[in-house]
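Structure assessment
If you want the building blocks of each chain, they are given just below.
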Amino acid sequence: MKSSWRRASTEAKLLLVGIPVLIWTLLPIYHLVLFAISPKESAFAGQLWPDHPTLHNFAVVFREQHYYLSHFWLQLWNSLVIAVSVGVLTLVVATAAAFAISRLRVRGGRTVMNLALFTYFIPAAFLAVPMYKTMGNYGLLNNQWSLILAMVTIAAPYSIWVLKQASDKLPYELDEAARIDGASPPQLFRLVYLPLMTPSLVAIGTYALLLAWNEYLYAFLLLSNDTQITLSVALGNFLAADDSPWELLMTVGLIYALPPAAIYYAFKRYMVGGLTAGAVKS
Amino acid sequence: MIAPYLLVFLLFVIYPVGYGFWLARHPATYVRLVDDPIFSRAVINTLVFLIIGINLKMVVALFLSGFFVQARTWIKWLSLVFILPWAVPSIPTILSIRFMLNPEWGLVNHVIFKLTGADGPNWLNDPWIALSMAILVHIWKSLPFWTLILIAGRLAIPGELYEAASVDGASTWQKFKWITWPSLQTLYLTSSILSMIWTLGDFNSVYLLTGGGPADLTHVLATLGIRYLRLDQVNLSMAAIVCALPLVLPLVYFMMKRLSK
């Protein structure tokens, strides 16, 4: 009897933590969804649920029927192209570097690794203004390549580090066996290394892709034409007006947030395992 | 094969950093920077943001990691929902919070009015409330990540230790003090340092919530560079970053040491 009472009190205590955690976590996201499905008047009246939920806002966004939305599809496309390019380029650069450092053991590899790690730990926001000036000097401002290259620069150090860690775990005997069979370094890379590294490559590709999709600061510094900016910058631009159409802003925000969230949950196993273990090694 | 990365490193790290230092080379720039009241305010804001933000976040993460390791089905489901703020891009959610805090139309003040009949505060118009809200936004976004890290840390502690302690009649607090904390200490410290570096670079939480306002009183070092860039004073912008280096470099050194072990 006593123990069942005690168990009930433990459950109550857990609920006392769980319910505030649930509300704290979901409130801003619920608010976002609420605006997306509410007519403007009901959203602005602070209702917790609209009297007449509607998909009207989505229709307006998809048909680009507002001044702020006139390039919605193009900007969505820009976000996608830039994110995919950053994912692919980061993979190419980082895999090659990790292979050279970890398997070929090139001279100076350790130094390069340390330099890369050092860059990883310098907050990206501190590099934003010099990067902006640099892209200006290179004549790349307002060119999507500037954002792609900047994001590859930011994503590469961590990617190289994670891939090097994963690659160090592959037995060195594999390389020796392949060499004895007459494999050249490129063959070793293609036939032995890449297949064994696939899970880490998926994790890193996703990491770089999401980093680029979610980026705001660099995107708004480096790109400014309405036809070139990404969706993240377009979202920020909504704030320029005093009478911002917040219900449309939130609708675009929800559309923008869905792909990364879906990817995140789909690859959760890799992301949480691979990336958090790499981020903090105790 | 290391060449592609070296090229990227030379063109987009070495060159910008060198150019940045060159822009910030005149001592006169630093005199002007220190004379700017917005700069000293941003330094204070950054310190407040770091000290309160990180300690609050890490203590809550430590507590919640203890909650999430409890074996219950509903807690497992809750943990899936709990990582949403981390999985979702920060721009839409920060803007959503920004509107929630709108004094006239926002959800928060509507609820306050319904419950108390009084008007809620003008959240983003008072510099200290606005900064506190930016800290809360930062915590909202990054709490799941650090909780996950500490959960992983807790799960690595052998269960026998707790069983033996239970047999000896140890209380929950004693178990925490003598088993959990000693095992998590190093991880907790490393996480705090890393979180400090990342928080220093948190541009979005402040910029998208307050825009540095009201009256430029909620800037932090991460947003200050953009403010000077807008005012067309790039050398001040670079000087502000150079001034932050004495704070950043020791932390980076600490992390490099940790990782290269």
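Residues take numbers from 1 onward in each chain, read along the sequence in its written order. Chains carry letters and ligands carry numbers; both start at the beginning, A for chains and 1 for ligands, and go up in the order they are written. Given that this is a predicted model, residues contribute local features only at a pLDDT of at least 70 and side-chain atom pairs are listed and counted only at 80 or more, while totals for whole chains, interfaces and linings are drawn from all residues. With hydrogens and water excluded, all non-hydrogen atoms of the structure serve as input to the side-chain values.

1. Some remarks on the side chain of T199 of chain B
Residues and elements named next belong to chain B. Secondary structure elements follow DSSP: runs of H or I no shorter than four residues count as helices, runs of E no shorter than two count as strands, and numbering proceeds from the N terminus. Within the element layout of this structure, T199 appears in helix α10 (residues 172-200). For T199, a relative accessible area of 5% corresponds to the buried category. Polar contacts, as counted here, are pairs of nitrogen or oxygen atoms within 3.5 Å of one another; within protein the pair requires one atom able to donate a hydrogen and one able to accept it, and residues that are adjacent in sequence qualify only if both atoms are side-chain atoms. Side chain to side chain, T199 and H138 meet in a polar contact 3.3 Å long. Of the polar contacts made by the side chain of T199, one reaches the backbone oxygen of S195; its length is 2.5 Å. The criterion used for residue contact is that any of the two residues' heavy atoms lie within 4.5 Å. Apart from the residues within four sequence positions on either side, T199 is in contact with F49, L50, I54, K57 and H138. Buried, partly exposed and exposed residues are distinguished by accessible area as a fraction of the type maximum, computed with a 1.4 Å probe on protein chains only: under 20%, between the cut-offs, and over 50%, respectively.

2. A short note on the layout of surface pockets
In this analysis the probe radius is 1.4 Å and the grid spacing 1 Å, with only protein atoms considered; a cavity is a set of points the probe fits into but cannot get out of, a pocket is an open set with protein on both sides within 12 Å along at least five of seven lines, and lining residues have an atom within 4 Å of a point. Grid points are joined across faces, edges and corners, and a volume is the space filled by probe spheres set on the points. One number sums up the size of the second largest pocket: a volume of about 1,100 Å³. What lines the second largest pocket is a set of 24 residues, among which G66, F67, Q70, R154 and T172 of chain B lie closest to the centre. At the level of elements, α1 (2-36) of chain A together with α3 (37-68), α8 (127-155), α9 (159-167) and α10 of chain B are the ones that each hand at least two residues to the lining of the second largest pocket. A total of six residues in the lining of the second largest pocket trace back to one element, the largest contributor, which is α1 of chain A. For this scheme, ten residues count as nonpolar: Ala, Val, Leu, Ile, Met, Phe, Trp, Tyr, Cys and Pro. Four count as charged, namely Asp, Glu, Lys and Arg, and the remainder, Gly too, count as polar. Here the lining of the second largest pocket is built from residues that sort into twelve nonpolar, seven polar and five charged.

3. Digging into unusual backbone geometry
For the peptide bond that leads from G213 of chain B to P214 of chain B, omega is 0°, which places it in the cis range. Along the polypeptide, P214 of chain B turns up in the loop between α11 (204-207) and α12 (221-230). In this structure, N142 of chain A takes a positive phi of about 65° despite not being glycine. Phi angles above zero are rare outside glycine, and D232 of chain B is one such case at about 65°. Turning to its location among the elements, D232 of chain B is positioned in the loop between α12 and α13 (234-260).

4. Digging into the interface of chain A and chain B
On the chain B side, the residues contacting the 87 residues of chain A number 85 residues. Note that E11 of chain A is salt-bridged to R72 of chain B, the shortest N-O span being 2.6 Å. At the junction of chain A with chain B, the criterion picks out eight residue pairs in polar contact (both at pLDDT 80 or more). Among the residues making up the side of chain A that touches chain B, the classes are represented as 65 nonpolar, 17 polar and five charged. Whenever a carboxyl oxygen of Asp or Glu lies within 4 Å of a side-chain nitrogen of Lys or Arg, that contact is scored as a salt bridge.

5. Here we look at the packing of aromatic side chains
Two measures describe an aromatic ring pair: the distance that separates the ring centres and the angle between the ring planes. Aromatic rings from Phe, Tyr and Trp, with only the six-membered ring used for Trp, were paired whenever their centres fell within 6.5 Å, and each pair was classed as stacked if the ring planes differed by under 30 degrees, edge-to-face if by over 60, and tilted otherwise. This model, assessed by the stated rule, comprises 38 aromatic pairs over all chains. On the basis of an interplanar angle of 45° and a centroid distance of 4.8 Å, the ring pair of W246 of chain A and F99 of chain B is categorised as tilted. Linking W246 of chain A in helix α12 (residues 246-266) with F99 of chain B in helix α6 (residues 90-100), this pair reaches from one chain into another. Accessibility assignment for this pair places W246 of chain A and F99 of chain B in one class, buried. Remark: a charge is flagged as sitting over a ring if the NZ atom of Lys or the CZ atom of Arg is within 6 Å of the ring centre and within 35 degrees of the ring normal. The side chain of R105 of chain A reaches across the aromatic face of Y172 of chain A, ending 4.2 Å from its centre. A cation over an aromatic ring shows up here: R25 of chain B above the ring of W22 of chain B, its NZ or CZ 4.1 Å from the ring centre.

6. Points about the domain arrangement of chain A
Residues and elements named next belong to chain A. Domain segmentation is taken from an automatic or database assignment of domains. Once the domains are mapped, chain A shows domain 1 (2-62) and domain 2 (70-279). Here the C-alpha centre of domain 2 lies 33 Å away from the C-alpha centre of domain 1. Taken together, the contacts link 13 residues of domain 1 with twelve residues of domain 2. Values labelled buried area give the accessible surface lost by two parts on being combined, using a 1.4 Å probe and summing over both. Taken over both partners, the interface formed by domain 1 and domain 2 buries close to 1,200 Å², and the fraction arising from carbon and sulfur atoms is 81%. Considering only the side of domain 1, the residues that lose the most area to domain 2 are L32, V61 and F62, jointly responsible for 42% of the buried surface there. Between the two partners, domain 1 and domain 2, sit zero salt bridges. Put simply, domain 1 and domain 2 have one residue pair in polar contact (both at pLDDT 80 or more) between them. For the side of domain 1 that touches domain 2, the secondary-structure elements that each account for two or more residues are α1, α2 (40-44) and α3 (56-62). For the side of domain 1 that touches domain 2, a count of residues per class yields nine nonpolar, three polar and one charged.

7. Looking at empty space enclosed by the protein
Residues and elements named next belong to chain B. Inspection of every chain in the model, using the stated rule, returns four cavities of 30 Å³ or more. Its volume calculated, the largest cavity comes out at about 70 Å³. Every residue along the wall of the largest cavity is listed here: T46, F49, L50, T199, L200, D202, V206, V220, L221 and A222. Counting residues per element, the ones that place at least two in the lining of the largest cavity are α3, α10 and α12.

8. Concerning a nonpolar patch on the surface
On the surface, L15, I19, I23, L27, Y30, L48 and W49 of chain A together with V111 and L115 of chain B cluster together into a nonpolar patch covering about 860 Å² of accessible area. Elements with a minimum of two residues in the nonpolar patch: α1 of chain A together with α7 (107-116) of chain B. Ranked by the residues each element gives to the nonpolar patch, the list is headed by α1 of chain A, at five residues. What goes into a patch is any residue over 30% in relative accessible area without a salt bridge, connected to like charges within 9 Å or, for nonpolar side chains (Val, Leu, Ile, Met, Phe, Trp, Tyr), within 5 Å. In this description, accessible areas are obtained by the Shrake-Rupley approach with a 1.4 Å probe, and a residue is regarded as covered only by the protein chains that are shown.

9. Observations regarding the packing of helix α1 (residues 3-23) of chain B against α13 of chain B
All names here are of chain B. Where α1 meets α13, the axes come as close as 8 Å, and the angle between the chain directions of the two elements is 105°. With respect to each other, α1 and α13 are oriented roughly perpendicular. Contacts between α1 and α13 involve G20, F21 and L23 from the former and V234, N235, M238, V242 and L245 from the latter. Broken down by class, the residue content of the contact of α1 with α13 amounts to six nonpolar, two polar and no charged. Axis definition: a line fitted to C-alpha atoms, limited for helices to the stretch in contact. Angles are taken between N-to-C directions and run from 0 to 180 degrees. Any angle that is under 35 degrees is reported as roughly parallel, and any over 145 degrees as roughly antiparallel; angles of 65 to 115 degrees are reported as roughly perpendicular and all others as oblique.

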